[in-house]
Amino acid sequence: MTFNKSLRMISLLLALLFSFSLVVNAQRNNRGGGRWEYLGESHVDGARDHDNIRVNANGGFRAIQLRVQNASIEFQKVLVHFENGGDTEVEVRDQISAGGKTRAIDLPGDQRRIKSVEIWYGKGNWGSRKPGLKLYGQR
């Protein structure tokens, strides 16, 4: 084998190896493999249909998730407030049963620092088992 053919073969193998590593890294990032961190909670009391969860976590997040406890919650609107003054409304408009959770809700931008999350929900007839709501973030 000549030197030029060997050099081309090595270059081709390196290019394939580099492409393969990019694909593996992209799949790992899209899988949502990051750890969920607890950011705060709210106890739905039935007297109001609106709550605000303050977030005191350092660093940015790329996704959030809402987890429901004790009784179901019908979400109407979820608004995320960022530390830089920006806001984004995320689509949840769903009823989540007790023990359930929303999908991973991607946030716009990369690694956004969350100041608070406002939640509007439908009033329910919960009786003594009022829902609890926990907010988690993924870096």
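Up top is the structure these notes are about.
Bear in mind the structure is a predicted one, so any value in this text is a computation, not a measurement.

### Concerning the pattern of salt bridges
Right, on to step 1. Within this structure, the stated rule accounts for 2 salt bridges.
Right, on to step 2. For Arg139, the salt bridge identified is with Glu37, shortest N-O distance 2.6 Å. Separated by 102 residues along the polypeptide, Arg139 in the segment after strand E9 (132-138) and Glu37 in strand E1 (residues 36-43) bring together distant segments of the chain.
Right, on to step 3. One salt bridge connects Glu83 with Arg113, and the closest N-O pair in it is separated by 2.9 Å. Of this pair, Glu83 sits in the loop between strand E4 (73-82) and strand E5 (87-90) while Arg113 sits in the loop between strand E7 (105-106) and strand E8 (114-121); the two residues are 30 residues apart in sequence, bridging distant segments of the chain.
Right, on to step 4. A relative accessible area of 42% places Glu83 in the partly exposed class.
Right, on to step 5. By relative accessible area, which is 38% here, Arg113 ends up partly exposed.

### Let's talk about the side chain of Ser116
Right, on to step 1. In this fold, Ser116 is placed in strand E8.
Right, on to step 2. Overall, Ser116 belongs to the buried group, its relative accessible area being 3%.
Right, on to step 3. At a separation of 3.5 Å, a polar atom in the side chain of Ser116 contacts the side chain of Asn52.
Right, on to step 4. What Ser116 contacts, discounting residues up to four positions off in sequence, is Asn52, Ile53, Arg54, Val55, Leu79, Val80 and His81.

### Quick word on unusual backbone geometry
Right, on to step 1. Phi at Asn70 takes a positive value of approximately 70°, unusual for a residue other than glycine.
Right, on to step 2. With respect to the element layout, Asn70 can be found in the loop between strand E3 (63-69) and E4.
Right, on to step 3. Owing to a relative accessible area of 42%, Asn70 belongs among the partly exposed residues under this scheme.

Thresholds, definitions, all that
Per chain, residues are indexed from 1 in the order of the written sequence. It should be noted that, the model being predicted, local features are given only for residues of pLDDT at least 70 and side-chain atom pairs only at 80 or more, the latter also being counted only at that level, while totals for whole chains, interfaces and linings use all residues. Excluded from the side-chain calculations are hydrogens and water; all other atoms, namely the structure's heavy atoms, are used. Note on definitions: salt bridges are taken to be side-chain nitrogens of Lys or Arg within 4 Å of carboxyl oxygens of Asp or Glu. We count a stretch as a helix when DSSP gives it H or I for four or more residues in a row; a strand needs E for two or more, and each element gets its number in order from the N terminus. Burial here depends on accessible area, computed with a 1.4 Å probe over protein chains only, as a share of the maximum for the residue type. Under 20% is buried, over 50% is exposed, and the range in between is partly exposed. Two N or O atoms form a polar contact when they lie within 3.5 Å of each other; inside protein one atom must be a possible hydrogen donor and the other a possible acceptor, and for residues adjacent in sequence the pair counts only when both atoms belong to side chains. Only heavy atoms enter the contact rule, under which two residues are in contact if any of them lie within 4.5 Å.

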